[in-house]
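Structural overview for review
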Amino acid sequence: MRIGIDARMIFMSGIGTYLRNLLGGLASLDEDIEYTVFIQTDDRERFEPPGGNFSPSFVSAPPYSISEQVGFVRRIEGSGLDLIHHPHYAAPVFGRVPMVATIHDLIHQLFPELCPSRLAWQVSRMLARRTAGRAKLLLTVSEHSRSDIINHLRASPGKVRLTYNALPPDWGKSLSPEPPPGIGAEVPFFLYVGNHKEHKNIPLLLEAFAGVRERALGVHLALTGERGGLKQDLARLQLGNEVVFLGDVSHERLEAIYAAARALVFPSRYEGFGYPPLEAMGCGTPAIVSDAAALPEVVGEAGLIVPVGEVAPLRDAMMRLLEDDALRTSLSEKSRARAAEFSWRALAEDTMKAYHDVLAIKEAG
């Protein structure tokens, strides 16, 4: 049996994390399967197959390109595959190889303002609907996303399966907390991990943090990414060196920063899953999240959940975790236990079952 996995996004955040965990999990299963892993040509030197039965196939067709609809399809068709797994809603429109697709969320389809143009939004809707129709099975990463796919893409419930995201098996197990540069070892700090897109609510986070600073001097806020488009918000709120921007951070370095943070703060207004809260919990760091989309589903009772888009509750939750050591200790213990419920092996096994079920349908037909 030969299965293809479209891993062209493997070095991106989000879907890349999913792909790395999935490949590692599949490699651990005792299955007589040969995998062809499609990788961007530019990533040739970076990709290391997770096992001897994983063969890379390098392609020059990037995601969202015209070439993936022609040249990449030809590569798939000519690879002798029994099945192809695309990890994104924007799978090639045509193809004869049976397909499994993972749709993580419908943010581009449900929030047109987050797309670069109306045309981009229309194309994203078309691709998502086409993928949902063409796939033999759809996988998704939360009950919230599953409901969105059924309701908005009109997929039958029996076609959409839940396969929760997971952490690598060694995540958070043996590490020394280490604050980021610019923050002293004894200085309490809150952490945000992710991009700065509009739906992430970064200006709201800065406003809540400004309120924390009025009540507790010395506390800092660290954010991945660059200061860039937030300069006006920082100036308006009179925030200076107490807000530290980390740029791009490796996963190895990020793990230690998570462990050192007082809490992760993640006030996004839409997430199909939300990897940063899970990563933080895996390091024993509580998460403060909004009550939007899949975030309460991921965090459960291991963090603090606040109304989306409201500054005062977010500020107050940050103050609680800053001042109440007993609460933070309790949530830290709950966080590790909650993170352990998202099993990388379960992700691999559930995905493998989907592969076998699709191939059984193919053989029966």
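Calculation notes
Residues numbered from 1 in each chain as written. Predicted model: local features only at pLDDT ≥ 70, side-chain atom pairs only at ≥ 80, totals over all residues. Heavy atoms only, no water. Helix = DSSP H or I, 4+ residues; strand = E, 2+ residues; numbered from the N terminus. Rg over C-alpha atoms; globule rule 2.2 N^0.38 Å. Contact = heavy atoms within 4.5 Å. Areas by Shrake-Rupley, 256 points an atom, 1.4 Å probe, with all protein chains shown as cover. Lys, Arg positive; Asp, Glu negative; His and termini not counted. Charge placed at Lys NZ, Arg CZ, Asp CG, Glu CD. Pairing = 2+ DSSP bridges. Axes fitted to C-alpha atoms, helices over the stretch in contact; angles between N-to-C directions. Salt bridge = Lys/Arg side-chain N within 4 Å of Asp/Glu carboxyl O. Buried < 20%, exposed > 50% of the residue type's maximum accessible area, 1.4 Å probe, protein only. Patch = residues over 30% accessible without salt bridge, like charges linked within 9 Å, V, L, I, M, F, W, Y side chains within 5 Å.

1. Some details on the overall build of the protein chain
A tally of regular secondary structure across the protein chain gives 13 helices and 13 strands. At 21 Å, the protein chain has a C-alpha radius of gyration in line with the 21 Å of a compact globule built from 365 residues. Of the contacts made within the protein chain by residues no fewer than 6 positions apart, 65% connect residues no fewer than 24 positions apart. As displayed, the protein chain has an accessible area near 15,800 Å², and 49% of this comes from carbon and sulfur atoms. Positive and negative charge centroids in the protein chain, built from 38 and 44 side chains respectively, lie 6 Å apart.

2. Description of the sheet that holds strand β4 (residues 83–86)
The parallel open sheet is built from seven strands, whose spatial order is β3-β2-β1-β4-β5-β6-β7. Since the sheet does not close on itself, it has two edges, and those belong to β3 (54–59) and β7 (160–162), each with one partner. Ignoring which end each strand starts from, the neighbouring axes of this sheet average 25° apart. Bridge analysis of strand β1 (residues 2–6) against β4 gives three bridges, and the strand direction is parallel. Bridging across to β4, Ile3 finds its partner in Leu83. Packed on one face of the sheet, helix α1 (residues 15–28) meets β1, β2 (34–40), β3, β4, β5 (99–102) and β6 (137–140) and runs near 160° to β1.

3. Focus: the pattern of salt bridges
Taken as a whole, this structure holds 17 salt bridges when the rule is applied. Arg269 is the salt-bridge partner of Glu113, the closest N and O atoms lying 3.5 Å from each other. Pair noted here: Glu113 is in the loop between α3 (107–110) and α4 (118–134) and Arg269 is in the loop between β11 (263–266) and α9 (275–282), with a separation of 156 residues, a long-range link. The shortest N-O distance in the salt bridge between Arg253 and Glu178 comes to 3.8 Å. Taken together, the residues Arg253 in helix α8 (residues 251–260) and Glu178 in the loop between β7 and β8 (189–192) connect sequence positions 75 residues apart. When its relative accessible area of 24% is taken as the criterion, Arg253 is described as partly exposed. A relative accessible area of 41% places Glu178 in the partly exposed class.

4. Re a nonpolar patch on the surface
On the surface, Leu119, Val123 and Met126 cluster together into a nonpolar patch covering about 270 Å² of accessible area. Using a relative accessible area of 58% as the deciding quantity, one classes Leu119 as exposed.

5. Describing the environment of Glu113
For Glu113, a relative accessible area of 45% puts it in the partly exposed group. Between the C-alpha atoms of Glu113 and His199, which are 86 residues apart in sequence, the distance is 9.7 Å. The contacts of Glu113, once residues within four sequence positions are left out, are Glu198 and Arg269.

6. So, the sheet that holds strand β10 (residues 243–245)
If you walk across this open sheet you meet the six strands as β10-β9-β8-β11-β12-β13, and the pairing is parallel. Strands with a single pairing partner mark the edges of an open sheet, and in this sheet they are β10 and β13 (304–306). Taken over all neighbouring pairs, the strand axes of this sheet differ in orientation by 25° on average, direction set aside. Against the sheet, helix α6 (residues 202–215) makes contact with β8, β9 (220–223), β10 and β11, and its axis sits at roughly 165° relative to β9, the strand it touches most. Across the face of the sheet, α9 comes into contact with β11 and β12 (287–290) while running at roughly 170° to β11.

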